[in-house]
Amino acid sequence: MEKEVDEKIRPTIQDSLIKPQAREPYDLGVSFEEYNYYAQKTRAEQELLDPPVLNVRQWFGGGGGDSSSQDVTTTLTEEDFTNRARRLEITDEEWTNASRAFRSASWGACFYLITTDILGPYGSGFAMGTLGWGPGIAFYTVFGAMVGYSGYLIWRVYLGVDSYEFPVKNYGDLGFRTLGQTGRHVTNILQGIGLLLITGQVTIQFGENISQVSKFKLCYAVCPVLFAVAGFFVTQIRTLKAYGWIANASVWLNIFVIFMTMGVMANSPPNYQISTLGSAGSDTDPTTITPVDGVYPPIIHYNNIPPGIGLVGSVNGMLSGVLAYAGAQLFVEFMAEMRRPQDFIKAMWGAQFFIYVVYVTYGCVVYYLQGQYSFNPSYQGVSIYAWQTLGNMVTLIAALIAGGLYGNIGIKVVYNNILVDIFRVPPMESRRGKIIYALLVPLWWIIAFIIGAAIPDYFGFVSVMSASMLLNLSYTLPPLFALGFDIKKNAARVEEGDGFNPITGQVSRSGTPTQRWIRGFCAGGWFQVSINIWHVIFFLASLAMCGLGMWAAVIGMIDAFKNPQLNSFSCVSPLNLNA
């Protein structure tokens, strides 16, 4: 009799469990407890994988990582993913193997990807010139440390909610699993627009490179278009593992330009003629760069914020530094393709420390050699044309790689959160998905170019972009995600059986939602509560900085629009003073 009861009960219990492969993307029925259970299961499996082994050849080759050479393969077809009936037939092993096969990048490759995205210190001398020695160094130190902490929070939350069964593919997924649907949509909107604007900013900035190299003989409107067309081809690289190899080249190209410009600046005067277009003096005190009887004023340094610059100028100077540390928004996409995402923390801290040292050292050297004439970008502040051209061409290649990376991640955000979610297109790994991705690439670059080209004030564009999008992505969202993650994780009462049951698929919770949020905030001991309070303060301080930055950026844009400005649809280059 007992055996008959068991036979009747068992199908009911099994039927109540909905397997991950049967879930729709962003299914609201999947609980945080279920995400966290499978995440812990995945982390335990990944801990058994061979740890990465580094050597000198890997550091210079960009491979840098996993000593395990065996790649997991999957036999699932496009029809298996797009047809719901077929998806229900996928076994647990086939489903997790499909996720494993997508994860192949090493932490060494991620080091180069992070450095490629962030490394570009050519505005650090300008930032130092608008802030002075003390505030400038303090700014890069504090903001660098805080963005490193934000990266740590992103990594910790990712490990707690990502799994083979429910993979986290982009930044918005962290918002969805810690804050809900609203958190996901806000994050995706900020990241999508932010990456589109950065792509546009890079296109316009390096269109100026091409214009300057051609000695303004080439119609300027064509120059950014040439850069965008080249970006079409670079962005066709879909996987970040493959991108790690050319990212390696970008890092070394930037390092070459850094040493080259410092050497040339130490043995030649600043590029006085273009100082009115984008130097620290033009932003702080124009009289310090205005020639008298054909003689330019001597180089000036300030220990503190330059007199007369005001709050607006100082904040806009800081916003150029925010752009320098805008890479945290891509960390999830990097980890999503790693075989062992636990190792990402080594790549992140290593890259952040390397970038910080380069930024502060290069910024101080450029400011010392050129003072108020420090130009943004610095390689265009080199007065010798041959070296200026070399800097333009080398950074052009490096920027093309970085721009391709922005396009790669941005298109994936649009693909996974609009096309897959709303229009039900097949996954990007499928044959049709690859074709759709290829078609989206030129469309992405065209839109980015039009947005960037239509705005006449380049530095105002950078300030608005940094204050509204990039600052929130790097500093506001990570503590909010960490707060939501810790509250949900600590809200469970173990003694009352709270949690996810993998056999039945049931989730047990005690108390009302409000009680659980309060309990989760106050649980975990005094240290955890202190961390929660700190994350609230961090979140509010970042929001306040966002508001202050937007105010300063808008005021700066209003002043810039009072004077006629050239835009990128003109044949006349913004750098051509003789036009």
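This text goes with the structure placed above it.
All values derive from a computational prediction rather than experimental measurement.

S.K.: Hey, could you run me through the overall build of the protein in this one?
M.R.: Looking only at helices and strands, the protein features 23 helices and 2 strands. The 579 residues of the protein split such that 56% are buried. The long-range share in the protein, meaning contacts at least 24 apart out of those at least 6 apart in sequence, stands at 81%. Working note: accessible area of the protein is about 24100 Å², and carbon and sulfur atoms make up 65% of it.

S.K.: Teacher, can you tell me more about the side chain of Asp173 here?
M.R.: On the secondary structure map, Asp173 appears in helix H10 (residues 171-179). As a buried residue without a salt bridge, Asp173 has its nearest oppositely charged side chain in Arg177, at a separation of 4.8 Å. Among all residues touching Asp173, those that are not within four sequence positions of it are Tyr26, Pro167 and Val168.

S.K.: What am I meant to see in the environment of Arg177 here?
M.R.: The topology assignment puts Arg177 in helix H10. On a C-alpha basis, the gap between Arg177 and Tyr26 in space is 9.0 Å, while along the polypeptide they are 151 residues apart. Those residues in contact with Arg177 that lie beyond four places of it in its chain are Phe32, Tyr35, Val161, Asp162, Phe166, Pro167, Val168 and Lys488. One polar contact links the side chain of Arg177 to the main-chain carbonyl oxygen of Val161, over a distance of 2.8 Å.

S.K.: What exactly am I supposed to notice about helix H20 (residues 431-454) here?
M.R.: For the α-helix, the turn length of 3.6 residues means that residues three or four positions removed from each other point alike. End to end, H20 covers 36 Å across 24 residues, agreeing with the expected 34 Å (1.5 Å per residue, within 8%). All of the buried residues in H20 are Gly433, Tyr437, Leu440, Val441, Trp444, Trp445, Ala448, Phe449, Gly452 and Ala453.

S.K.: In this structure, what is going on with the packing of helix H9 (residues 133-161) against H10? I would like to understand it.
M.R.: Helices that pack against each other are described as a pair by the angle of their axes relative to one another and the distance between those axes. Where H9 contacts H10, the two axes come as close as 10 Å, and the packing angle between them is 65 degrees. As judged from the angle between their axes, H9 and H10 are roughly perpendicular. Seen along the crossing, H9 lies across H10 with a hand that is left-handed. Across from Ile154, Val157, Tyr158 and Val161 in H9, the residues of H10 making contact are Tyr171, Leu174, Arg177 and Thr178. Here the residues of the contact of H9 with H10 are counted per class, giving 6 nonpolar, 1 polar and 1 charged.

S.K.: I keep staring at the nonpolar core and nothing clicks. Help me out?
M.R.: Buried together is how nonpolar side chains tend to be arranged in soluble globular proteins. Ranked by internal contacts, the top residues of the largest apolar core, which has 126 residues, are Leu174, Phe227, Phe331, Phe334 and Phe344. Setting aside residues no more than four positions away along its own chain, Phe344 makes contact with Cys110, Ile114, Trp155, Phe331, Phe334, Met335 and Met338. Counting residues in each nonpolar core, the second largest holds 7 residues, with Tyr35, Tyr38, Phe166 and Phe176 among its members.

S.K.: Help me out: how do you make sense of the packing of aromatic side chains in this one?
M.R.: Each aromatic ring pair is summarised here by two numbers: the centre-to-centre distance and the angle between the ring planes. The full count for this structure, using the stated rule, is 31 aromatic pairs. For the pair Phe111 and Phe354, a centre-to-centre distance of 6.3 Å together with 50 degrees between the ring planes defines the contact as tilted. Of this pair, Phe111 sits in helix H7 (residues 107-118) while Phe354 sits in helix H18 (residues 344-370), and the two are 243 residues apart along the sequence. What makes Phe111 buried here is its relative accessible area of 10%. The partly exposed category is assigned to Phe354, whose relative accessible area is 26%. Ring centres 6.4 Å apart and planes at 75 degrees place the aromatic pair Tyr296 and Tyr373 in the edge-to-face group. Taken together, the residues Tyr296 in the loop between helix H15 (280-284) and helix H16 (310-324) and Tyr373 in the loop between H18 and helix H19 (385-423) connect sequence positions 77 residues apart. The residue whose ring lies beneath Arg100 is Tyr164, and the NZ or CZ to ring-centre distance is 4.7 Å. A cation over a ring is seen here: Lys215 above Tyr385, with NZ or CZ 4.6 Å from the ring centre.

S.K.: Help me out: how do you make sense of the state of the cysteines in this one?
M.R.: Formally, a disulfide is one covalent bond, and it connects the sulfur atom of one cysteine to the sulfur atom of another. Tallying each qualifying case throughout the model produces 1 disulfide. Counting only cysteine sulfurs, Cys219 is the nearest neighbor of Cys223, a cysteine outside any disulfide, at a range of 7.4 Å.

S.K.: I tried to follow a nonpolar patch on the surface on my own but got confused; where do I start?
M.R.: A contiguous nonpolar patch, built from Phe256, Ile384, Trp387 and Leu390 and spanning about 340 Å² of accessible area, is present on the exposed surface. Counting through the fold element by element, Trp387 comes out in helix H19.

S.K.: Can you help me understand the environment of Phe143 in this one?
M.R.: Along the chain, Phe143 turns up in helix H9. For Phe143, a relative accessible area of 15% translates into the label buried. Sequence-wise, Phe143 and Met318 are 175 residues apart; in three dimensions their C-alpha atoms are separated by 9.6 Å. Residues within four places of Phe143 in sequence aside, it is in contact with Val322, Tyr325 and Tyr475.

S.K.: So what exactly am I meant to see when it comes to unusual backbone geometry here?
M.R.: Glycine aside, the phi torsion of most residues is negative, and most peptide linkages are trans. Following Asn376, the chain continues to Pro377 via a peptide bond in cis, the omega torsion being 5 degrees. Structurally, Pro377 can be placed in the loop between H18 and H19. Backbone geometry places Lys215, a non-glycine residue, at a positive phi of 55 degrees. Of note, Lys215 is situated in the loop between helix H11 (181-213) and helix H12 (222-234). Its identity as a non-glycine residue notwithstanding, Arg424 has a phi of 55 degrees, on the positive side. Summarising the element assignment, Arg424 is placed in the loop between H19 and H20.

What counts, and where the lines are drawn
Within every chain, residues take consecutive numbers counted from 1 along the sequence as written. Under the rules for a predicted model, residues below a pLDDT of 70 receive no local features and side-chain atom pairs below 80 are neither given nor counted, while totals for whole chains, interfaces and linings still include all residues. Working from all heavy atoms in the structure, the side-chain values ignore hydrogens and water. In this description a helix means any DSSP run of H or I spanning at least four residues, a strand means any run of E spanning at least two, and both kinds are numbered starting from the N terminus. Accessible area is worked out with a 1.4 Å probe on protein chains only. A residue is then buried under 20% of its type maximum, exposed over 50%, and partly exposed in between. Two residues form a contact once any of their heavy atoms are found within 4.5 Å. The Shrake-Rupley method, run with a 1.4 Å probe sphere, supplies the accessible areas, and residue values consider only the shown protein chains as cover. Charged residues are defined narrowly, with Lys and Arg counted positive, Asp and Glu counted negative, and His plus the chain ends left uncounted. One side-chain nitrogen of Lys or Arg within 4 Å of one carboxyl oxygen of Asp or Glu is enough to make a salt bridge. Distance and chemistry together define a polar contact, namely a pair of N or O atoms within 3.5 Å, with one atom able to donate a hydrogen and the other to accept it when in protein, and with adjacent residues in sequence counting only for side-chain atoms on both sides. Helix span is expected to be 1.5 Å times the residue number reduced by one. Orientation is described by lines fitted to C-alpha atoms, with helices fitted over the stretch in contact, and by angles between N-to-C directions that extend from 0 to 180 degrees. Oblique is the label for every angle not falling under 35 degrees (roughly parallel), over 145 degrees (roughly antiparallel), or within 65 to 115 degrees (roughly perpendicular). Helix crossings get a hand from a simple test, with the near helix turned counterclockwise from the far one by less than a right angle marking a left-handed crossing and a clockwise turn marking a right-handed one. Each residue receives one of three labels: charged for Asp, Glu, Lys and Arg, nonpolar for Ala, Val, Leu, Ile, Met, Phe, Trp, Tyr, Cys and Pro, and polar for the others, Gly being one of them. In plain words, nonpolar cores are sets of buried Ala, Val, Leu, Ile, Met, Phe, Trp, Tyr and Cys residues tied together by side-chain atoms within 4.5 Å. What counts as a ring pair is set by centres within 6.5 Å for rings of Phe, Tyr and Trp (its six-membered ring), and what kind of pair is set by the plane angle: stacked under 30 degrees, edge-to-face over 60, tilted for all other angles. Sitting over a ring, as applied to charges here, requires NZ of Lys or CZ of Arg to be within 6 Å of the ring centre and within 35 degrees of the ring normal. Throughout, disulfides are identified as pairs of cysteine sulfur atoms within 2.5 Å of each other. Residues enter patches when they are more than 30% accessible in relative terms and free of salt bridges; like-charged ones are connected within 9 Å and nonpolar ones (Val, Leu, Ile, Met, Phe, Trp, Tyr) within 5 Å.

From the geometry alone we can't say anything about function, so treat these as descriptive.
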